[in-house]
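Spelled out from the first residue to the last, the chains are:
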Amino acid sequence: MPNVLHFILRSLCSFFYRFIFSPPVTAKFGNKKLPNAIIVGVKKGGTRAVLEFIRIHPDVRAVGTETHFFDRNHDRGLDWYRSLMPRTLEGQISMEKTPSYFVTADAPRRIAAMSRHTKLIVVVRDPVTRAISDYTQTLTKTPDLPSFQELAFLNQSQGLVDVSWNAIRIGLYALHLECWLRHFPLEQIHFVSGERLITDPAGELGRVQDFLGLKRIVTDKHFYFNRTKGFPCLKKPESSVSPRCLGKSKGRTHVQIDREAVEQLRDFYRPHNVRFYEMVGFDFRWD
Ligand code: A3P
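Residues numbered from 1 in each chain as written. Predicted model: local features only at pLDDT ≥ 70, side-chain atom pairs only at ≥ 80, totals over all residues. Heavy atoms only, no water.

### Looking at the overall build of the protein
Okay, step 1: Looking only at helices and strands, one finds twelve helices and eleven strands in the protein.
Okay, step 2: A buried classification covers 44% of the 287 residues belonging to the protein.
Okay, step 3: Counted over contacts in the protein with a minimum sequence separation of 6, partners at least 24 positions apart contribute 71%.
Okay, step 4: If you sum the accessible surface of the protein, you get close to 16000 Å²; carbon and sulfur atoms cover 55% of it. (Helix = DSSP H or I, 4+ residues; strand = E, 2+ residues; numbered from the N terminus. Buried < 20%, exposed > 50% of the residue type's maximum accessible area, 1.4 Å probe, protein only. Contact = heavy atoms within 4.5 Å. Areas by Shrake-Rupley, 256 points an atom, 1.4 Å probe, with all protein chains shown as cover.)

### Re the UniProt feature "active site" (unreviewed entry) in the protein
Okay, step 1: Feature annotation in UniProt places "active site" (unreviewed entry) on Lys44, given in this structure's numbering.
Okay, step 2: Assignment of secondary structure puts Lys44 in the loop between β2 (37-41) and α3 (47-54). (UniProt positions renumbered as here; feature names shortened; annotations may be inferred.)

### A few points about unusual backbone geometry
Okay, step 1: At the junction of Gly41 and Val42, the peptide bond is cis and its omega measures out at -10 degrees in the coordinates.
Okay, step 2: Relative to the assigned elements, Val42 resides in the loop between β2 and α3.
Okay, step 3: One non-glycine residue, Lys44, adopts positive backbone phi at about 65 degrees.
Okay, step 4: In this structure Lys44 comes out as buried when scored by relative accessible area, which is 13%.
Okay, step 5: Phi angles above zero are rare outside glycine, and Arg285 is one such case at about 55 degrees.
Okay, step 6: Relative to the elements of secondary structure, Arg285 occurs in the segment after α12 (259-280).
Okay, step 7: Given the relative accessible area of 68%, Arg285 is considered exposed.

### A closer look at the packing of aromatic side chains
Okay, step 1: All chains considered together, the criterion is met by 21 aromatic pairs.
Okay, step 2: Look at Phe268 and Tyr269: their rings are 5.0 Å apart centre to centre, the planes differ by 65 degrees, and that puts the pair in the edge-to-face class.
Okay, step 3: On the accessibility criterion, Phe268 (19% relative accessible area) is buried.
Okay, step 4: Consider the rings of Phe282 and Phe284, whose centres lie 4.8 Å apart with planes at 75 degrees: the pair is edge-to-face.
Okay, step 5: For Phe284, a relative accessible area of 10% gives the class buried.
Okay, step 6: Ring-pair connections join several aromatic residues into one group, and the members of that group are Tyr173, Phe191, Phe276, Tyr277, Phe282, Phe284 and Trp286.
Okay, step 7: Above the plane of the ring of Phe211 lies Lys119, whose end atom (NZ or CZ) is 5.5 Å from the centre. (Phe/Tyr/Trp six-rings, centres within 6.5 Å; stacked < 30°, edge-to-face > 60°. Lys NZ or Arg CZ within 6 Å of the ring centre and 35° of its normal.)

### Details of the site of the ligand
Okay, step 1: The environment of the ligand is made up of 20 residues, and the closest members are Thr47, Ser133, Pro232, Gly251 and His254.
Okay, step 2: Side-chain polar atom of Thr47 to an oxygen atom of the ligand: 2.6 Å apart, as the coordinates give it.
Okay, step 3: At a separation of 3.1 Å, an oxygen atom of the ligand approaches a polar side-chain atom of Arg125.
Okay, step 4: With the chains in place, 97% of the 570 Å² that the ligand exposes on its own is no longer accessible.
Okay, step 5: When atoms are counted within 2 Å of each cavity's grid points, the one that captures over half of the ligand is the largest pocket.
Okay, step 6: Here the shell around the ligand gets four residues from one element, more than from any other, and that element is α3. (Near = heavy atom within 4 Å. Polar contact = N/O pair within 3.5 Å; in protein donor to acceptor, adjacent residues only side chain to side chain. 1 Å grid on protein atoms, 1.4 Å probe; cavity = no way out; pocket = protein on both sides within 12 Å on 5 of 7 lines; lining within 4 Å. Sits in = over half its atoms within 2 Å of the grid points.)

What follows is the structure in structure tokens.
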């Protein structure tokens, strides 16, 4: 009996000691809050690179996986969404990326309903290259896929493009942007050039930091060009041995598509691209 009493007393003491002397949970770990900024698109634009590069900033905390809250998981509610977020300390911003949001009709309204102040980032890339990249990715998962041309054209000799094919539809940036502009002012959307992200990652990341109201801490000192990968990678911190290039699924060799099909797609996208440049006030020079 004295043993049992001793055990209970010890447990009680330990509980009260921890309760009284441990710092509040928030001071130790921070709080989970809904994201201040979301990378909403576009698939194969370079979204993983932007997230991995911006999250080395000490004032950024990000969810590593795609939450798909505003497209597939909206029914689960905001508390579920918040629970996925990383803990942030005061002054840190919280981010996630799910590229399918950009082409989800309900996503702009749903994000605006969460907070009209959410900052949005869209990584855009030449829609023809993007479509080929998208197809190359699908092909790795479904090797018996019809050819790119079969999927991209309703009638290739007439130059009739199949806009119902997702790989083509995603590249109609102006069309999708219209939906976002019904809920967010243009100033709240930042466009990253997927091409410049490869040639000048520090420059693009500088603009992303400005847009997020962050001090420019991620600079050219953080990057080097990895010849084997053929892409910029993050320099290793001295303490680490692990490489800091993106994974194998980022920067794949594309399936060869014949010149004529590529030209036909360029012609198809040209007016859409011009409209997109006018809407955002920047010429991405995709011709
Ligand atoms: P490819 O695999 O077609 O080259 P996302 O992350 O949105 O899926 O985009 C993938 C694309 O990011 C890749 O498409 C690649 O071109 C681009 N990218 C941009 N910067 C990169 C980097 N530093 N390392 C690897 N891929 C990068």
